[in-house]
Amino acid sequence: MPIQWFPGHMNLTKKAISERIKETDVVIELLDARLPGSSANPLLHQLTGHKPKLKILNKQDLADPARTEAWLDHYNAQPDTRAIPLDASETAPAQRLIQACRALAPSRGGMAKPLRVMICGIPNVGKSTLINTLTGKKATKTGDEAGITKMEQRIALAQDFYLFDTPGMLWPKIIVEKSGYNLAASGAVGRNAYDEEEVALELINYLRQHYAPLLEARFKLSDTSALHDEELLTEIGRKRGAVLGGGRINLQKAGELVLTDFRSSIMGRITLETVDEFQAWWAAGMAIEAEKAAKKNKRKKGTREAQAEIDADETDAEPDGE
């Protein structure tokens, strides 16, 4: 089932970013280090494509260190872009962020030309928590629900450094199906937009291929390769007490348990995509979209041609006037 989630306030955020970008010098995009490709907003790239960017791989303490390094190399190789990792253990990241932004916009600075920075990211990526850390006070609301922040805020990190916070925003259509599942697994998508059991099965399928020892250790499983995904989820539910009457397993509850353990990093440091994997998913998604567009255009063309034939027949059938 394709996962889509774009509440009304996100449309307002899109409009606000479109206006704010005109007076913005640097764009900070906060990414989830566990899904650095899937959490990069393609709509944001369209809205801010001509501006220097600082990509922050947040929650890097929850992610696979080797994969994080590969993603940092990938983003740092892009023009007018710098990428840095960040995690909850860093209590004073403000100076590092300010320095990185100043390096991206060296012509800005001082009271006459203060540096204007906009910070963006998907819902529940940790943006509000980061801003509260930067300011040393509770400047924004935080929570484990996607879409907590709904208003733009201006925060002064230095006398000549203004940070504009925007609400978390996804994009109107997630064309990479795997990204939809990864976003749901991370908590970036509202709970009403997906089924926990289905997302947990996708997550288990990936973990058994890439992080089988962590999966087996967390749920005390002997050999994940011997079981299908649903059998694995059933066994996890049995071991974690998600049992209904008659010994039946509550797979929905088991799915919730798997997702909670992933989000809290109880299983260990996990990243759900490599650079190569995500690029392959993106290419496949774009190919599917191109095919859909071609079919749609063909149908429209056929409709126009059919209508033209009808119009021609009606014209031929009209009696000649005298």
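Up top is the structure these notes are about.
Worth saying up front: this structure is predicted, and the values here are computed from it rather than measured.

**Focus: the pairing of strand β3 (residues 81–85)**
The pairing of strand β2 (residues 53–58) with β3 spans five bridges and is parallel. Each bridged residue has a counterpart across the sheet, and for lysine 55 the counterpart in β3 is alanine 83. Handedness of the crossover joining β2 and β3 through helix α3 (residues 65–76): right-handed.

**Considerations on the packing of helix α6 (residues 177–186) against helix α7 (residues 196–210)**
Orientation of α6 relative to α7, taken along the N-to-C sense of each, is 105 degrees, at an axis distance of 9 Å. Overall, the two elements α6 and α7 adopt an arrangement that is roughly perpendicular. Taking contact as the criterion, the partners of Lys178, Tyr181, Ala184 and Ala185 in α6 are, on α7, Glu198, Val199, Glu202 and Tyr206. Broken down by class, the residue content of the contact of α6 with α7 amounts to five nonpolar, no polar and three charged.

**Describing unusual backbone geometry**
For lysine 59, which is not a glycine, the phi torsion comes out positive at approximately 60 degrees. Inspection of the secondary structure puts lysine 59 in the loop between β2 and α3. Among the residues examined, lysine 59 registers a relative accessible area of 19% and is labelled buried. Positioned with a positive phi, asparagine 124 is a non-glycine residue whose angle comes to about 60 degrees. Positionally, asparagine 124 belongs in the loop between β4 (115–121) and α5 (127–135).

**So, the sheet that holds strand β1 (residues 26–32)**
Spatially, six strands are ordered β3-β2-β1-β4-β6-β5 in an open sheet, and the strand pairing comes out mixed. The open sheet has two edge strands, β3 and β5 (153–158), and neither has a second partner. If you compare each strand with its neighbour and ignore which way they point, the axes differ by 25 degrees on average. Alignment of β5 against strand β6 (residues 161–165), held across five bridges, turns out to be antiparallel.

**Details of the pattern of salt bridges**
Throughout the structure, instances matching the rule amount to 17 salt bridges. Where glutamate 19 meets lysine 22, a salt bridge forms, and the shortest distance between an N and an O atom there is 3.3 Å. The partner of aspartate 32 in a salt bridge is arginine 34, and the shortest N-O contact between them spans 2.8 Å. It is possible to trace a salt-bridge network through shared partners that takes in Asp25, Arg108 and Arg116.

**A look at the nonpolar core**
Counting residues in hydrophobic clusters, the biggest one holds 72 residues, and the most contacted among them are Ile28, Leu54, Ile56, Leu163, Leu183 and Val258. The leading source of residues in this core is α7, at seven residues. Apart from residues lying up to four places away in sequence, isoleucine 28 is in contact with Leu54, Ile56, Leu97, Cys101, Val117, Met118, Ile119, Cys120 and Leu163. Within the second largest apolar cluster, eleven residues are counted, among which are Leu31, Ala40, Leu72 and Val275.

Thresholds applied
Residues numbered from 1 in each chain as written. Predicted model: local features only at pLDDT ≥ 70, side-chain atom pairs only at ≥ 80, totals over all residues. Heavy atoms only, no water. Pairing = 2+ DSSP bridges. Helix = DSSP H or I, 4+ residues; strand = E, 2+ residues; numbered from the N terminus. Right-handed = clockwise from strand over helix to strand, strands pointing away. Axes fitted to C-alpha atoms, helices over the stretch in contact; angles between N-to-C directions. Parallel < 35°, antiparallel > 145°, perpendicular 65-115°, else oblique. Contact = heavy atoms within 4.5 Å. Nonpolar A, V, L, I, M, F, W, Y, C, P; charged D, E, K, R; others polar. Buried < 20%, exposed > 50% of the residue type's maximum accessible area, 1.4 Å probe, protein only. Salt bridge = Lys/Arg side-chain N within 4 Å of Asp/Glu carboxyl O. Core = buried A, V, L, I, M, F, W, Y, C linked by side-chain atoms within 4.5 Å.

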